[in-house]
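Inside the fold
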Amino acid sequence: MAKLKKMLKRARELSYLPFPDRTPVDPPLKRPIDLIKAFIVAWEAKDADAIGRLFVEDADFINVVGLRWTGRRSIVKAQRFAFTTAFPDARLELEEAHQRFLGDDAAVVIARWQIVGQVDPDGEPVDPRRGVLSATLVKLADDTWLGVSCQNTDIAAAADTNISRGGTISAASYIKGPTPAELAAADRDDR
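Below is a summary of the structure that appears in this document. Because the structure is predicted, anything quoted here is derived from the model rather than measured.

The helix and strand tally for the chain stands at 5 helices and 8 strands. Along the chain, from the amino end to the carboxyl end, the secondary structure elements read α-α-α-β-β-α-β-β-β-β-β-β-α. For the chain, whose C-alpha radius of gyration is 21 Å, the value lies well above the compact-globule estimate of 16 Å for 191 residues. Seen along its three principal axes, the alpha-carbon backbone of the chain occupies a region of about 70 × 45 × 40 Å. When burial is assessed residue by residue, the chain has 32% of its 191 residues classed as buried. In the chain, once contacts between residues fewer than 6 apart in sequence are set aside, the share between residues at least 24 apart is 53%. By element, 55% of the accessible surface of the chain is carried by carbon and sulfur atoms, the whole surface being about 12600 Å². Positive and negative side-chain charges in the chain, numbering 27 and 28 respectively, have mean positions lying 9 Å apart.

Next up, the structure:
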């Protein structure tokens, strides 16, 4: 049993690739927040390869519906597919971005975004969406930064969680606010 535990520990240690010495990004990410700016520029250009270069070779990217893409190639492949199907003419607009250092060589960036111009699977326009992208970055030996992990999440307006019924996930809120009748009455009182 001890030998098996030792083998499993060694396998976990070997399961991650070492970080590169130099960045593959041009221009390099001099600050963690630069990942957000470069992501927006690459997204607007529909350049899936440029998005992939923002991350280490074995990065994880979790999209808005929870699909996990592991590795730069998977991230590029998924982005390329999205650009040709859902987002061929869409725009990604940055609303705000923040960075937080987790020591000298790690950081988290968080950005709120809006997508305008997405189409459904039949090619019909859909309403704009808003969301939050959160990425963890590592500082490389050349003093530049690369993403290690990224999570993209849609913002569900007027909701604080999701619920599942019959296999369908929908936004819900446990926070009670005014009813439509109370809002209408307040509107009448303001006149």
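Counted according to the given criterion, the structure contains 10 salt bridges. With a shortest N-O distance of 3.0 Å, Glu93 and Arg91 are connected by a salt bridge. Classification of Glu93 by relative accessible area gives partly exposed; the value is 28%. A single network of salt bridges, built from pairs that share partners, joins Glu95, Glu96, Arg112 and Arg130.

For helix H4 (residues 72–85), built from 14 residues, the straight-helix expectation of 20 Å at 1.5 Å per residue is met to within 8% by its first-to-last C-alpha distance of 20 Å. Taken together, the buried positions of H4 are occupied by Arg72, Ile75, Val76, Ala78, Gln79, Ala82 and Phe83. Projected down its long axis, H4 shows its buried positions confined to an angular sector of 170°, all on one face. Residues of H4 that are exposed and point over 90 degrees away from its buried face: Arg73, Lys77, Phe81 and Thr84. Residues of H4 that are buried sit in contact with helix H2 (34–44), helix H3 (48–52), strand S1 (55–62) and strand S2 (68–70).

Among the structural elements, Asn63 can be located in the loop between S1 and S2. For Asn63, the side chain forms a polar contact with the main-chain nitrogen of Val65, separated by 3.1 Å. Those residues in contact with Asn63, other than ones at most four positions away along the chain, are Trp69, Gln151 and Asn152.

A few words on the environment of Arg130. Position of Arg130 relative to the elements: it lies in strand S5 (residues 129–139). The exposure class of Arg130 is partly exposed, given its relative accessible area of 31%. Arg130 sits 17 residues away from Trp113 along the chain, and the two C-alpha atoms are 5.6 Å apart. Those residues in contact with Arg130 that sit more than four places away from it in its chain are Glu95, Arg112, Trp113, Gln114, Asp154 and Ile155.

About the cut-offs
- Residues numbered from 1 in each chain as written.
- Predicted model: local features only at pLDDT ≥ 70, side-chain atom pairs only at ≥ 80, totals over all residues.
- Heavy atoms only, no water.
- Helix = DSSP H or I, 4+ residues; strand = E, 2+ residues; numbered from the N terminus.
- Rg over C-alpha atoms; globule rule 2.2 N^0.38 Å.
- Buried < 20%, exposed > 50% of the residue type's maximum accessible area, 1.4 Å probe, protein only.
- Contact = heavy atoms within 4.5 Å.
- Areas by Shrake-Rupley, 256 points an atom, 1.4 Å probe, with all protein chains shown as cover.
- Lys, Arg positive; Asp, Glu negative; His and termini not counted.
- Charge placed at Lys NZ, Arg CZ, Asp CG, Glu CD.
- Salt bridge = Lys/Arg side-chain N within 4 Å of Asp/Glu carboxyl O.
- Expected span 1.5 Å × (residues − 1).
- Arc of directions from axis to C-beta.
- Polar contact = N/O pair within 3.5 Å; in protein donor to acceptor, adjacent residues only side chain to side chain.

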